[in-house]
Each structure stands twice: as C-alpha cells, then as structure tokens.
Protein chains: 4
Amino acid sequence: MNRIGVWLIGGRGSIASVTIAGQLAAARGLLPAVGLVSDRADFAAAGLPPVESLVFGGHEIRATPLRAVAREILVGCGIHGLAEQLGEALDAVDADIRPGVTRGAGPQVEGHGDTILRADSDRDAIAAIRADLDAFRVKHGLGRLVIVNLASTEPPAEPRPEWATWEALSAAIEAGASQLPASTLYACAALSGGDAYVNFTPSLGSRLPALAELAERAGAVHAGSDGKTGETLVKSVLSELFARRNLPVLSWFGQNILGNEDGRVLDDPHHKASKIRSKDHLLPKILGYAPQTRVGIDYVASLGEWKIAWDHIHFEGFLGGRMTMQFTWNGVDSLLAAPLVLDLVRFAALAQRRGERGVLSALGAFFKDPMGTDEQRLVAQDEALLAWALGTSAE
Amino acid sequence: MNRIGVWLIGGRGSIASVTIAGQLAAARGLLPAVGLVSDRADFAAAGLPPVESLVFGGHEIRATPLRAVAREILVGCGIHGLAEQLGEALDAVDADIRPGVTRGAGPQVEGHGDTILRADSDRDAIAAIRADLDAFRVKHGLGRLVIVNLASTEPPAEPRPEWATWEALSAAIEAGASQLPASTLYACAALSGGDAYVNFTPSLGSRLPALAELAERAGAVHAGSDGKTGETLVKSVLSELFARRNLPVLSWFGQNILGNEDGRVLDDPHHKASKIRSKDHLLPKILGYAPQTRVGIDYVASLGEWKIAWDHIHFEGFLGGRMTMQFTWNGVDSLLAAPLVLDLVRFAALAQRRGERGVLSALGAFFKDPMGTDEQRLVAQDEALLAWALGTSAE
Amino acid sequence: MNRIGVWLIGGRGSIASVTIAGQLAAARGLLPAVGLVSDRADFAAAGLPPVESLVFGGHEIRATPLRAVAREILVGCGIHGLAEQLGEALDAVDADIRPGVTRGAGPQVEGHGDTILRADSDRDAIAAIRADLDAFRVKHGLGRLVIVNLASTEPPAEPRPEWATWEALSAAIEAGASQLPASTLYACAALSGGDAYVNFTPSLGSRLPALAELAERAGAVHAGSDGKTGETLVKSVLSELFARRNLPVLSWFGQNILGNEDGRVLDDPHHKASKIRSKDHLLPKILGYAPQTRVGIDYVASLGEWKIAWDHIHFEGFLGGRMTMQFTWNGVDSLLAAPLVLDLVRFAALAQRRGERGVLSALGAFFKDPMGTDEQRLVAQDEALLAWALGTSAE
Amino acid sequence: MNRIGVWLIGGRGSIASVTIAGQLAAARGLLPAVGLVSDRADFAAAGLPPVESLVFGGHEIRATPLRAVAREILVGCGIHGLAEQLGEALDAVDADIRPGVTRGAGPQVEGHGDTILRADSDRDAIAAIRADLDAFRVKHGLGRLVIVNLASTEPPAEPRPEWATWEALSAAIEAGASQLPASTLYACAALSGGDAYVNFTPSLGSRLPALAELAERAGAVHAGSDGKTGETLVKSVLSELFARRNLPVLSWFGQNILGNEDGRVLDDPHHKASKIRSKDHLLPKILGYAPQTRVGIDYVASLGEWKIAWDHIHFEGFLGGRMTMQFTWNGVDSLLAAPLVLDLVRFAALAQRRGERGVLSALGAFFKDPMGTDEQRLVAQDEALLAWALGTSAE
C-alpha cells in the first residue's frame, strides 16, 4: 500500500485533531469513519487511496500536545474514550508537527502562538516551510504531499498589483517587498515543490492569479476554499426547492452561533469579514437574482464544539401570497469537517496520480466558495465530482 | 389561441377555487400567477399553451356558489379583494360545475354532499360523468379535456382481481359487479373518452393496471398521484444532503398540522391512511435504506388554510457522533397547489398535442407518489421534466 | 363620559396609527380591541376609563396623511378594509397632529422629516410643544392629558451634570446651554404642565433625576420605558422556569428580525445601541447571575410589519448534563404594542384621577426597562399592577 | 445524620438509576446534583434532610444489574465514566432491589418481567410488598420510608364502586374481589404502614378516595401525580404570558418524540391514553377557557434518552390579528426527572418529620396532574411550595 503524506496547517486544532484521530481509529477498527463522500458505493470504481494509507504531519503555533487537544475536542464532540485508546499513535503524529507561521494571520493569531516559525521575510518563511515539508517526505519515504489549510480564518487581504503574475510576485518575494498572509505563504511553499494545496478556510491561500500560474508551472494541483459543512451546505441543497418550483425568495436570513476556537477568532470583526463574504454569495448564483440576505455569526462559549444555525426563509407564492420556512441545524463542526478533509486528500491524491495540474474545479462540492467553477448547487457539484472521479466527464 | 378545457373534480374546493381565481386574475392582469414551474425561462422553448387559454368546469358535491367559496378561501390565504373583482367571471365558471359522484369516497364524504350525481351502478356513474364531460366540450367547442382530481382523499381501496386487466374490469362494470371508488370512476370516464386524467390526490384514481391499459387503448394520457406541495417537497430536496454527503439518517420524524377541509377529512383515520402511505415511502428510495420514519397529520381548526410541518431529522456523523436538523414549513396549501395544477394542465395538454399516450412519467416532480417512475428526488425529477418538455430526453 | 386626551409622539407611525384605528374601530363596534390587559375581568373593579373615552392628537415629522398610513400599516398587519371604514374619523384625528421636534433624535431622524417644529433652543422647543398640548386641551375641553412617546428610538444620550436636579437643568435650558434629546423635550413639556408622560421607547424621555423631580413638583405622573411586546416579554416569563427549577442557564442567545420603519431606524448602529441596552439586562435580574447573552436585531425589509425572534437557550441539568430550548416568536409588532398603549393610557388616567404623582412603578409589566422598580418577572409585575389598580397593595 | 429510606418502584429503570447514581455521586463529591429545587437558597431555612442522608432500595421486574443499567443510561444521558466510579456502591443498592409486581400493569409490562413478585391476589401482593418494605427498614435501621413510583405508565383503570371508601376497598381486597393496578397495590402497602407514597407517573397510584382515607387513618402522606419535566413544565410557565396579556390562545399543538423505555411503552395506545390525559388538562385551568389542544407522543428509537417536544401556539391579537409562537424543548428525561425525585423525597420527609398526614397539596409544582389542588401555574405552585416549606403559608 502506497502511503499518502498529509500535512495539516493548524495541526493541533479542532478539525485536525478529529481528522487525525478519526483516521487512526478507522485504521485500527475502533470506530467507523462515517460520513466520507469518497466511501459511497458509486465512487468505488475510482480507485481512491484507502483511508488507512494516510500519514500525518503539520504546522501549528500552539504547544498543547495533540493527545491532550484530541481528548478535549473529542469529548466536546461527544466521542469518549477514543483519545485514550490512541495515545501513543497521537504522540507519534505530534512528533511531526512543526512550529507554524503567523505572519499576516490577523490580530487574533499574530502574537498569540507558543511555537512560532520565526522568519524575517516572506521569502524566509516560504523556505522554512518548504524545508519542513521536504524533511517530512524524506523521513517517511513519501511521494507528493497533500497540504490542507485548517488554520484560523485570516482577515481579508487587500489585493496588490504583484499578485497578477508569478513573475511579479516571485520578484517581490525575493526583494522582500511582498506582504503575503500566512495561508498564501504555505500555498507558495506547497505548490512550488509540486505538492497539492487544499484550502479548507476562507483565507486567501492560493486564490490569486500568481499562484494559479505557479501551480500550472510546477505541475501541482490546488483546491478551495472554505469547507462547506453546515448552514451553507443546507442552503446549497434547499435553495433548489425555490429555484425549481419558481417560488421567489424574498429574504433569507441566517444566524450561526458556535463555541469553539473558530468561533472565538471569528468574534473579531477583522476575521469575521472573510467568513461572511464566503458564505453570502451563493444564493444569487443559484437563484438567478439576489434576495435580501444576511449571515450572522456569533460566539457563544457554552456551545463548545457545537454550531447551531437558524435560517428564516421568506418566499412568495401564487397570487403574491407570502410564506416562510425555517430550519435549525445542530452540528458538531469538527465531525462534519473531518470526513471532508479525508475526502479532499483522497481526491487530491487521485489527481496527483493522474498527473493533473492546476485548480481542481471538480472538488467544488466541498467548498462554500469553490475555485474554478461558478456551480454552487450541491447536487450538480456532486454529479460533477462523480463524473470526474470516474473519468466519465463530458469534457 | 386554442382554448384548453380543464375539468376539476372538487370544483368548488379550496384548491380548485384558488386555481380558477388565479387563472382568471392572471388572464386579466390583476395579480401575478407566481410559482408556476412551467413559467420558468428554461421551459420557454417547449411551446406550452398559455395560462390564459384555459377554460374551467368541474364536478362538485357542495352547493355553496364558487364566488362565495373563493372569497372565503382567498381571504383565508391572505388574498383580499380578488374574489370581489372576479365575481361574474367566477359565476360563469360555476355554471359549468355539475353535481359530483360520492360512491366509494369514504365516510367523511358519502352522505355529506348537497349536489350529488345519483347513479345505481358504477356503469351508470361513468356514463353520467362522461356525458357531463362531452356536454362541456361541445358547449365551449373544445378539443380533448384535462381532468384533474382535487377531491377529498378517499380511504385506501382494497385491490380486487378484476383490476388486473381492462377486459376483466370492463366486464365487471358492465355486470354491475365492480366497486370502484369515485376517483376511479372519474378516471374511467375521462380516459375512455380519450381525455387526460391527472390525480392530484392520494386516492386510487387511475393507479390500477386496468386503467393503464385503458389509457393506452384510448390514446389518453394520465399522471399522478398526490401533489407534492409541502413537507414531502422539502424532503425530496433535503434528503439529498444526507445521501450525497453519506451521512446516515437515523430517524426522520414529521408532523403536519392543518386547518382546512382537507385536514378535517384527514382527521378521520380511514381517510388519513391513504395520505400517510403516500407521504412515507420516499426516503428509502432516495437514501437506499430505511431509517425510522413517522408522518403525523393532525387537524387544527384555527389554522384555516395554513399547513405547518415540523420535521426532526436525526443523523449520524464522523465516528458515530449524532446531530440533528429541524425545519418548520409554514405554507398555504392552496397557494402551493394551485400553480402546480396549472402546470400539470399545461404539460398534459402538451402531451396531448404531441399525441402521447399512457402514463406521463416525466411529470413525477409534481407528485408525492409519482406514477411510472421510482425517481423521488426533486432535482432529478425536474431535470427529467425539462428534458421531456424540450424533447431532449436521452430515450 | 369624561373624555381622556391622549397625545402620541410619532402620531402617524405604525404603532400610533394602529392604536388610533383600533380605538376608533372598537368604539364603533367594527372590530374587537383584543389583547388589552386592562380589559381582563380581574381589573373590572378598578374603574378604569372606557376605551371609548379617548381623544387623540399628537406630534409627527412625516406628512403622509394618517388615513394613508393607517391603510398601509393595517394591511401589513393583516387587517383589511378597516382603514377605509374609518376614513373620516382618521382625518379628524389627523387634524390634531402637529409638526414634531427632531432636535437630538439621531442621524436617521434629524434632517429626514417633512413637518418639523423649528426651534432654535431647547427652551423654545419645550414652549412650542407645550403650546400645542394646551391648544389641544382647550379645543376639546379636556382635563389633564396623557402623552405617549412612540417615536423612533434615539441613540443613547451622554449624561450631563445638569441632569442631576431640576434647578440645574431648568437653568441650563433657560441659558440655552442644555442639549436634550427630543424625547426629553417632550417629557419636559408634558410634565411641566402637569400632564402624564409615558415612554414606550428606549429613548431617554423622563429617565433623569431632574425630570423625576419636575414630575413630583408639578404633580404629574410618568412611566417607562420601552414597551415589552415580543422577545423580551417571552423572556420575562420563560426565565422563571429556569430560576424556579434551579437549572443554570449557560447562555441565552436571541436574534430578532423585523421589517418595519422601527427596524429600518434600528439598522443604524447609533440607534440600535439604545435598544440592545434595554433588552439585555433582564436575565441577570431574574436569574441572580449573568449567563452569556446576546441580543441581535436585524432589518429584513420583506417582513414588513412582522417581527420574528429566535432564541436559543442552553442550560445545565443534573450531573452537569446539557440541554437546550429554542423558541420562535412570530409577532406583528404594532398589534402587540397598540393594546398596551391603550392600557397605559387608562392606567395613567387612573393615577391622575387618584391624584398620584411621580413615577408609576406599578406599570412595570408593560416595559422592557421599567422605571421605579427592579422587578422584571411578568407574573410578579402583573400581580403588582393588579394590587395597585385595585388599591390592595400591601404598602 | 438521620438517614432517610427511599424505596423506588421501578428501581432499575432510567429515572431510578440516574437518581441513585446522582445521589451517590453527589455524596462522594464526584459530580454536582444540579437542578434540585430544594437546593435553592430560599429553601435553606426549611431544614430539609441533606441529599447525602438518603438510602435506596426498590422493586423491579427486570433482572439486569443496576450497575449495567446505570452505565448504559448515564452514557445515553451524556454522563461518561460515572457508573464505573460508582460500581460497588451501585451493587450495594442493587442488593436491596426486590422482585416487583406486574398485576394490572398493562400489556407492555405484564408477562414481560424477569423478576416477578408472584401473588395470587391483591391481598397477597400488598402483604408481600409490605414485607419487603419492613425488611428494608429493619435492615438499615430506618424510620418511615418514602416510596416513589417510577414504573412504566399503566393504562387508565376503570373506576369501581369499592374505590369510594377504604372500608369498601379493604373488604374487597380481603374478599379477593378487588382488581387494583400495580401502582395502587404499592400505594396500599406504603400508606397502610404509615410510609409516604409519591406517584411520579400518571398511573392510578393513590388517586382514589379509599386511599386518601387510608392515608389520613394511617397518618401517612402522599403526593402525585406524573412528574412535570418537559413540555408540560414549559406550558405551565409560558401559558401565563397569554393569560396575563389577555391574548386569546386559538390552538396549542404539542408533539413529543422520545426514545427510551418509557417511550417504547407509551407507543402502546393502552398505555399512552393515561399520559395524554395527564398532559392535556392544564391549559383550560390556566387560561380559563379551552382552546383546541392536541398532545402527541411518539416513539423514535434513535433518540435514546432524549425527549424532544415541538409546540405550536396560535393566538389572537389586537383587532383579531393572528400570530404564532413555537418552541422546541430538547431534554434528557432522566436528567430532568432525577433531581425532582430527590426534591420530592426531601419534602415528603419534611412532612413526615412535622407529623403531617394526607395529600401534600403543596407539592403541586412537581406534577403534571397535581393532587389536592387545581393550581397548574408553576410560579404560583412554587410560591405555595416555598410558603409551605418555610411554614409561612397564609392558612
């Protein structure tokens, strides 16, 4: 069995620790890794790498041991006893988690870490990250890696002229004149070495023309952004009801409350701005017009790992009559995200094996703000994913 | 403009009166007929008959004038002033509404009507219905009619051996040995004359092999059954989330409360049985397994025309973690049903124009329990409808 | 029958127009004035003035005729045809609505009115308001008036030293050195003439020591503030469950969405600050400790007169187990507020008849932020109101 | 410290095992016994017996050891690791749990038990129960016991003439002519020995004139019935909003879904009838009129220990406008019930210490269908409880 190297940015965070623990648990037959799209019977013919074949490492700025983080998070997710069973396996992964970069990561992150990769320039940071990736690959005898960004959401970055081409951006980096956010530094390091980069957050990551160019040049694949795990996931299915039935949506108001570290960081308006932007542009694309929408996110500490969304949909019917639908979604964010991370790794590895390069637009089903496609409807996204994975796409 | 004759069983009921008033209002430019699937831009090339071309008649067992019914129902739906504006036009339609049949229509209907078409046998009933249809056609100079069943839900009918073939059933009818429910008597009358029969209720209607055969022989089209207007509509979209994301549904509990005549009749357990049966078989088909489901329907008089559904979905996630989703749907049943009735008439008329015969399986999107197809997913049903209407189906 | 003069600040707003139309409708027997606390059988012995005895006037900054406003608002509230029936009676009230003051009323009000009472100083404004009140009293031969503030919520006012005593404040007013918000200018004018002042909004109004002193001196009564009509009303009842059952509330998150003019003004953060402050201090007083709370208010235009609140309550049970309760409140703000306005007028008039003076602390049941009492529990507030009205209070 | 003997009917059921484990955990300082009404500061002066002083025994028809039941139930309640910590203490209680009676306990219980107290007549059953109680008392050197019925809900019992007096009933028992349900056999045994009987279920228990008389004669106290833990608890608070604000309730529909053994038994319509009856008579008493109400209870196995209620309240406002409120209650039944059981034991022991006899009407706050009082409002019930406990009642 070929082993696949997976490198998680935010390697001791909630999603990473549940992803790692879940993969270890599944590989040992302790608990089932429920909820993987890639485990569906209709993907069987795609020849995806088995979940057991993954090997984890990562970057992280907090020093709390993975074992301790995993225990706390898993209990918060309602999974008891597992972290204890996995103790040494978690420690082994922890040994491959390296100090992370905080440059340009926003006020709730910069200056808050315990284990920081110090770098005086973007150039030095990229080089140091790349060295960590190479060391991990060599140590475990791995081929190309899949890097997944699971770090806290960064504030929106102001576009700059040098983002337009890789030539301009690489010159600026060399000259010490670039100001890239951390997520993009990681993406540069990953793609320049030919590794895959997957952005599970709304941070900038590889979403700039210069990095799209870099990926093509380096023969690397990338995908993003912002994992579609809860309210937006529901929207991307439910909005079809109104579209297909030709019922005009008058307004769609959504409110999220959550209690984990992600929520704490998003409580800072600088960080929240990226999230709101990512969540709020889906309805116009699906409906073909723009009803009034609002997406609220608030931090409610007592909820811990739980994320509750309440959505109120106001729509018009026959003769102008008005009706409503409401839903509440009670999800555990990390349990919803972790299987998607494993899915993304498997699909990215498939693309690598096939020698693909550039944006993996077929992975749009996993993202709130998919790169390389305007399709936002889950069903259509999933059909596209299936066709790509099975090699039956029309194109 | 060719006029299309539409014959509504239950012609002075809630759905019928809103359908008729809505068509009249739209034809006069008084209020927009919002919510017609057939009005979507992507159906434009299908050449559907315009809504303005419809001419209405029907059967009914209650004597209250259409104008009075429409006023009460429309106000109950929140549409004020329209019935007054349409007074004479409603009276004109009312003149084409004839006494209805109650044979086999269940305890809440038999013996309750004011204007009953008396018939000593199924044979006589069919003949009398057929005579009404022919008189309507002649009076207005119409071609083939579209009959739509909007009457109260009948109790489930016990299958009988003579249902197997038209030969056996027609012999039993002739011999006075058949015991067909009212919905099927209407279907026999419609199909035997080559007219279209659409069953918007869960009653038996044309859902028996003998009538399928009759339709083929007579060159008539038919479709059904049970209009998908509320909770089941949501289910047929939302369940895809769990299927596509491979999240096992542990249980799906739904409770409907409604206050109109439909609710009053369904409050009788004999009548309710048909409804529950129709609503509850969709999830296993979409999910591929059968979670515990319950569908409750209760009559709450104060709700009037409103129908509220509360659904509680319990599902499993990564590592066996458990999460929930709930929704409430606040709909006005008649406002949701009426545009679908107009849609069905337009699509049935299209099929007639094309010379189709037999079950219109492409109309499955409109029904809780679609005939001629096992597809229950709204998106796939809608794609099939579009392909059929535009003549781009693969088949 | 002695007539009671009622003067509404914001006399052509949503609540005022529904209050006036409702009183006129009830007096004419057209529609029942449902939902008056003062109509309960247990208040019968209090000898409250009949609803029919009220005579309305007011101040307003918008020029749209009351008849037109009332028609639009009532239809938005689902009450059809009433404004037409009341046409001339509404016009008669409209003739007693005078241009209003906008000084210190906040960015969404100042500079937005059509009919402004121009005044170069607080002193001039108070004098002009007072002249309007006196003219109304003389014209209709009324005794003491009840002034009710129904105007848009003002931004929070910064306390100033001269607020401490009436001597200091009146000196500052005379000297042109005061900077009172509009709500307080109206309160000064009302109280200085011995009339009652009731503040149905969270604006400052009479909530400063100087005006408390003025009321005592002038023999006037006053009450406030911020009518308790929706989410806070529910909270003030439901929180007792957790208090009485000793179940610790971990967090209580509330989100309001509303579509009327009130919502549009509150969409401005300066105005919203007053509202949030008023809504959010109730739970600690009832529970005896302060769980994490948030109160969100957002403007959703399509909702019109409707106000929807979603509250999520997270609480702890036996052995530290965690449970939740959620509620949604679907209310029409003006229909909930109008009967309380009529109640407040009747109770204020009772206090006037009894020769009371100063803060009417017994009216706390009507307010989110009651003056003169710390009691926030609806049941205890209502018992206190009953005892006061019937003259059976222990004190 | 005087020890208080507590005897639980259904001693290895969900509520009993959580009650026992919780008391043991609190006594050892392992977990806090959150949610005891009797722990509120305002009850401090009542001199209630400490929770630590309780000693448990009981009757039960299932053989699964308490330790195993407690582990499963506690994990189902989200409390992990506790049963393991309490292993031997649970075994010690288990040794005092005796085979139970199934006579008259309904189709879901009779014939289903493992450890049955066989008795050929009501007389023998009562004598055998009494012997168990006496043996427990002697073994532990206890004074008067408190018996609490936590067994599965019985079907409604048909009243019989001999229930009218203790003389008639005791004669019938002696003659072998009585047909008492199990809950009443336990009550007879308890009260005849002077012990307290508390009925936490809607079964008959001591709710018949003959047993009221027996309690008075024997100097025993009793209370009931049907613990108020969820939806009805909310109703008994929330309905005050509509009563105090004079807002007519048009309909109040409630639907409960639950997954534990209680739910499984209630799924049988014979057993469910008692429950519905108990839950559905509260609103007319609080509101003073009877809106349409329905209370549904359905068994949804996947919910395990969770009980979800959805209530839809339709009410009328000013000018006849209509509005709604909905709530969902997500509770763990045993965690809500267990602290109330401890409360009831403490208050019953207080009554015993004071030498009270007969129905403890002051305990109405704990019950859906309180004995000895018509008061259904939680706040008033709680005030009455407080006054009684502190000896400050007006009477």
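Residues numbered from 1 in each chain as written. Chains lettered and ligands numbered in written order. Predicted model: local features only at pLDDT ≥ 70, side-chain atom pairs only at ≥ 80, totals over all residues.

Structural notes on the overall build of chain A
At step 1: The number of helices and strands found in chain A is 14 helices and 11 strands.
At step 2: At 20 Å, chain A has a C-alpha radius of gyration in line with the 21 Å of a compact globule built from 395 residues.
At step 3: Taking the principal axes of its C-alpha atoms as reference, chain A extends roughly 70 × 50 × 45 Å.
At step 4: Counting only contacts in chain A whose residues sit at least 6 apart along the sequence, the fraction spanning at least 24 positions is 78%. (Helix = DSSP H or I, 4+ residues; strand = E, 2+ residues; numbered from the N terminus. Rg over C-alpha atoms; globule rule 2.2 N^0.38 Å. Contact = placed C-beta atoms within 7 Å.)

Quick word on the pairing of strand S2 (residues 54-60) of chain A
Residues and elements named next belong to chain A.
At step 1: Among the seven residues in S2, seven count as buried, and that is most of the element.
At step 2: Going residue by residue along S2, you find Leu54, Phe56, Gly58 and Glu60 tucked away on one face and Val55, Gly57 and His59 tucked away on the opposite face as well.
At step 3: Inspection of the sheet shows strand S1 (residues 4-9) paired to S2 by six bridges, in the parallel sense. Note on S2: the bridge partner recorded for Gly5 is Val55. (Buried ≥ 20, exposed ≤ 12 C-beta atoms within 10 Å, placed from the backbone. Pairing = 2+ DSSP bridges.)

Quick look at the relation of the copies chain B and chain A
At step 1: If you rotate chain B by 180 degrees and push it 0.0 Å along the axis, it lands on chain A with an RMSD of 0.0 Å. Here the two chains are linked by the operation of a two-fold rotation axis. Of the C-alpha atoms belonging to chain B, the one lying closest to the rotation axis is found on Phe327(B), 2.0 Å away.
At step 2: Both copies present the same face, since 100% of the interface residues in chain B are matched by interface residues at the equivalent positions in chain A. (Least-squares fit on C-alpha atoms with pLDDT ≥ 70 in both.)

Considering the interface of chain B and chain A
Often the size quoted for an interface is simply the accessible area lost on bringing the parts together.
At step 1: Counting residues at the interface gives 49 residues for chain B and 49 residues for chain A.
At step 2: Those elements that provide at least two residues to the side of chain B that touches chain A are helix H1 (14-27), helix H9 (231-244), strand S10 (322-332), helix H13 (333-353) and helix H14 (378-390) of chain B.
At step 3: The biggest single contributor to the side of chain B that touches chain A is S10(B), with 10 residues.
At step 4: Where strand S10 (residues 322-332) of chain A lies against S10(B), seven bridges are found, and the strand directions are antiparallel. If you follow Trp329(A) over to S10(B), its bridge partner there is Met325(B).

A word on helix H5 (residues 122-140) of chain C
Residues spaced three or four apart along an α-helix face the same direction, because each turn holds 3.6 residues.
Residue and element names in this part refer to chain C.
At step 1: Its 19 residues give H5 an end-to-end C-alpha distance of 27 Å, which sits within 8% of 27 Å, the value for a rise of 1.5 Å per residue.
At step 2: Looking only at H5, the buried set comprises Asp122, Ala125, Ile126, Ile129, Asp132, Leu133 and Phe136. On an axial view of H5, the arc spanned by its buried residues comes to 125 degrees, and they lie on one face. Exposed and oriented more than 90 degrees from the buried face of H5 are Ala131 and Val138.
At step 3: Residues of H5 that are buried sit in contact with strand S1 (4-9), strand S2 (54-60), strand S3 (97-99), helix H6 (166-174) and helix H7 (182-192).
At step 4: Phi for Gly141, located one or two positions after H5, is positive at around 65 degrees. (Expected span 1.5 Å × (residues − 1). Arc of directions from axis to C-beta.)

Examining the sheet that holds S2(C)
Within a sheet, adjacent strands bond to each other through the backbone by hydrogen bonds, running parallel or antiparallel.
At step 1: Judged by pairing direction, the sheet is parallel, and its seven strands sit side by side in the order S3-S2-S1-S4-S5-S6-S11 (chain C) without closing on themselves. Of all the strands in the sheet, just S3 and strand S11 (358-359) of chain C have a single pairing partner and so form its edges.

What about the sheet that holds strand S3 (residues 97-99) of chain B?
Residue and element names in this part refer to chain B.
At step 1: The strand order S3-S2-S1-S4-S5-S6-S11 describes an open sheet built from seven strands, whose pairing is parallel. The strands lining the two open edges of the sheet, one partner per strand, are S3 and strand S11 (358-359).
At step 2: With two bridges joining them, strand S6 (residues 221-224) and S11 adopt parallel strand pairing. From the neighbouring strand, His222 faces S11, where its bridge partner is Val359.

Brief notes about the packing of helix H9 (residues 231-244) of chain C against helix H14 (residues 378-390) of chain D
At step 1: In the contact formed by H9(C) and H14(D), the axes pass within 10 Å of each other and the chain directions differ by 35 degrees. Where H9(C) crosses over H14(D), the two elements pack in a sense that is left-handed. Note on element contacts: H14(D) touches H9(C) through Leu378(D), Val379(D) and Asp382(D), opposite Glu240(C), Leu241(C) and Arg244(C).
At step 2: Of the residues in the contact of H9(C) with H14(D), the class split is three nonpolar, no polar and three charged. (Axes fitted to C-alpha atoms, helices over the stretch in contact; angles between N-to-C directions. Left-handed = near helix turned anticlockwise from the far one by under 90°. Nonpolar A, V, L, I, M, F, W, Y, C, P; charged D, E, K, R; others polar.)

Quick look at the domain arrangement of chain A
Residues and elements named next belong to chain A.
At step 1: By the assigned domains, chain A splits into domain 1 (4-227 + 335-390) and domain 2 (231-331).
At step 2: Taken over C-alpha atoms, the centre of domain 1 sits 26 Å from the centre of domain 2.
At step 3: The interface of domain 1 with domain 2 comprises 24 residues on the first partner and 25 residues on the second.
At step 4: Of all the secondary-structure elements, those providing two or more residues to the side of domain 1 that touches domain 2 are helix H2 (66-76) and helix H14 (378-390).
At step 5: Of the residues belonging to the side of domain 1 that touches domain 2, the class tally is nine nonpolar, nine polar and six charged. (Domains from an automatic or database assignment.)

Some remarks on helix H6 (residues 166-174) of chain A
All names here are of chain A.
At step 1: Listed as buried for H6 are Trp166, Leu169, Ala172 and Ile173. The arc that holds every buried residue of H6, seen down its axis, measures 130 degrees, which confines them to one face. Across from the buried face of H6, at angles greater than 90 degrees, the exposed residues are Glu167 and Glu174.
At step 2: In the core, the buried residues of H6 are packed alongside helix H5 (122-140) and helix H8 (209-218).
At step 3: Downstream of H6 by a residue or two, Gly176 has a phi angle that is positive, lying close to 70 degrees.

Thoughts on the packing of helix H2 (residues 66-76) of chain D against helix H4 (residues 87-94) of chain D
Residue and element names in this part refer to chain D.
At step 1: Between H2 and H4, the least distance of the axes is 8 Å, while the angle of their chain directions is 125 degrees. Regarding the angle of H2 to H4, the classification is oblique. On H4, the residues touching Leu66, Arg67 and Ala70 of H2 are Gly87, Leu90, Asp91, Val93 and Asp94.
At step 2: A class-by-class count of the residues in the contact of H2 with H4 yields four nonpolar, one polar and three charged. (Parallel < 35°, antiparallel > 145°, perpendicular 65-115°, else oblique.)

Section: the pairing of strand S8 (residues 292-299) of chain C
Residues and elements named next belong to chain C.
At step 1: A one-sided burial pattern is seen for S8, the buried positions being Thr293, Val295, Ile297 and Tyr299 and the unburied ones Gln292, Arg294, Gly296 and Asp298.
At step 2: The pairing of strand S7 (residues 249-258) with S8 spans eight bridges and is classified as parallel. Bridge pairing in S8 places Ser251 opposite Gln292.

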